[in-house]
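Observations on chain architecture
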Amino acid sequence: MRGWNAATFGDTMPDYDLQDWAVATDEAEATEFLAGYAKDGSALELGVGTGRVAIPLAGRGVRTTGIEGSRAMADQLERKLSGGEVRVVVGDFADVPAEGPFDLVYCVFNTFLLLLSQEQQVRCFRRAAEVLAPGGVFVLQLSVPQPYLLTDRQSMHTLSVGLDRLVLFAATHDPVHQRVDRQQVVMTEAGNRLHPLAYRYVWPSELDLMGELAGLPLSGRWGGWQGERFTGAGMHVSVYQKPTG
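What you are looking at is a predicted structure, and each value in this text was computed from that prediction instead of being measured.

1. With respect to the overall build of the protein
In terms of helices and strands, the protein carries six helices and 11 strands. Taken against the 2.2 N^0.38 rule, which gives 18 Å for 245 residues, the C-alpha radius of gyration of the protein at 18 Å falls within 12% of a compact globule. Overall, the protein is about 60 × 45 × 35 Å in size when its C-alpha atoms are taken along their principal axes. In the protein, which comprises 245 residues, the proportion classed as buried is 49%. Considering only contacts in the protein between residues 6 or more positions apart, those separated by 24 or more positions represent 60%. Of the roughly 11800 Å² that the protein leaves accessible, carbon and sulfur atoms contribute 53%. Computed over 21 positive and 29 negative side-chain charges, the inter-centroid distance for the protein is 3 Å.

2. A closer look at the packing of aromatic side chains
Applying the stated criterion across every chain yields a total of seven aromatic pairs. Ring plane angle 85 degrees and centroid distance 5.2 Å describe the contact between F125 and Y240, whose orientation is recorded as edge-to-face. One end of the pair, F125, is in helix α5 (residues 118-131); the other, Y240, is in strand β11 (residues 235-241), with 115 residues separating them in the sequence. Taken individually, F125 and Y240 each receive the classification buried, so the pair is uniform in this respect. Connected via pairs of aromatic rings, a cluster forms that spans F33, Y37, W222 and W225. Here R182 stacks its cationic end above the ring of F169, 3.9 Å away from the centre of that ring. Its guanidinium or amino end placed over the ring of F230, R221 lies 5.8 Å from that ring's centre, counting from NZ or CZ.

3. A look at the sheet that holds strand β9 (residues 191-200)
Spatially, four strands are ordered β6-β7-β8-β9 in an open sheet, and the strand pairing comes out antiparallel. The open sheet has two free edges, formed respectively by β6 (154-161) and β9, since each of these has just one partner strand. Averaged over neighbouring strand pairs, the angle between their axes works out to 15 degrees when direction is ignored. Looking at chain direction, β6 and strand β7 (residues 165-174) are connected through seven bridges and run antiparallel. Residue pairing for β7: Q154 is matched across the bridge by T172.

4. So, the sheet that holds β11
The seven strands lie next to each other as β3-β2-β1-β4-β5-β11-β10, forming an open sheet whose pairing is mixed. For this open sheet the edge positions go to β3 (86-90) and β10 (218-222), each flanked by a neighbour on one side alone. For this sheet the average axis-to-axis angle between neighbouring strands, irrespective of direction, equals 15 degrees. As paired elements, strand β5 (residues 132-143) and β11 share seven bridges and run antiparallel to each other. Bridging across to β11, L140 finds its partner in S238. Strand contacts of helix α2 (residues 27-38): β1 (42-46), β4 (102-107), β5, β10 and β11, with the helix running at about 155 degrees to β4, the strand carrying the most contacts. On the sheet, α5 packs against β1, β4, β5 and β11 and is oriented at approximately 145 degrees with respect to β5.

Calculation criteria
- Residues numbered from 1 in each chain as written.
- Predicted model: local features only at pLDDT ≥ 70, side-chain atom pairs only at ≥ 80, totals over all residues.
- Heavy atoms only, no water.
- Helix = DSSP H or I, 4+ residues; strand = E, 2+ residues; numbered from the N terminus.
- Rg over C-alpha atoms; globule rule 2.2 N^0.38 Å.
- Buried < 20%, exposed > 50% of the residue type's maximum accessible area, 1.4 Å probe, protein only.
- Contact = heavy atoms within 4.5 Å.
- Areas by Shrake-Rupley, 256 points an atom, 1.4 Å probe, with all protein chains shown as cover.
- Lys, Arg positive; Asp, Glu negative; His and termini not counted.
- Charge placed at Lys NZ, Arg CZ, Asp CG, Glu CD.
- Phe/Tyr/Trp six-rings, centres within 6.5 Å; stacked < 30°, edge-to-face > 60°.
- Lys NZ or Arg CZ within 6 Å of the ring centre and 35° of its normal.
- Pairing = 2+ DSSP bridges.
- Axes fitted to C-alpha atoms, helices over the stretch in contact; angles between N-to-C directions.

Encoded structure:
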């Protein structure tokens, strides 16, 4: 997908919070889980978006910073803030352009997959390790890749059908680089809208190796924010911890 960069997704979503197909609804559970690690310290969200998790986490007394690649998306977040609850940094979160130390660095809802190469993902792990305080944790919420969805080089499926609205997903798959380029097409009587998305899927075992390379060994993995047993399907929440010594 030529022209894709860290800002593309957010720049095509000027009304992200209004898209019921785009927004997760697990912020209460995520906030409770993350606050348990941050306590009354500091946290950094990678790919903060419009602050779905960062704002309630800051409301728990956690000093929260968010990195966002899209100025348009960051503007949506800043319009929600009444003061300085969340400090917003616009930049590529592969480089983690924020000064630590943080007690918690986290990335939710598959946002980590927007880093499109293994090199970028490894770099992100290493930078997260650099800005974490000793004993701090890096938390990732990701989908486990499902092999049956990755057997074809191209695919199309229908997300929703209405009297005046049709939403389609069209995608191409590069198995060598574990990359999917996807276009969401929203068709209405008023016209069509395109929402591109590119991502690199990553297996849990590969994540664990990235953590080891960065000096962040796996501390725990669950099937969700409430400590559900990890079964190898659906979403997982993985915690990588920086040694205290």
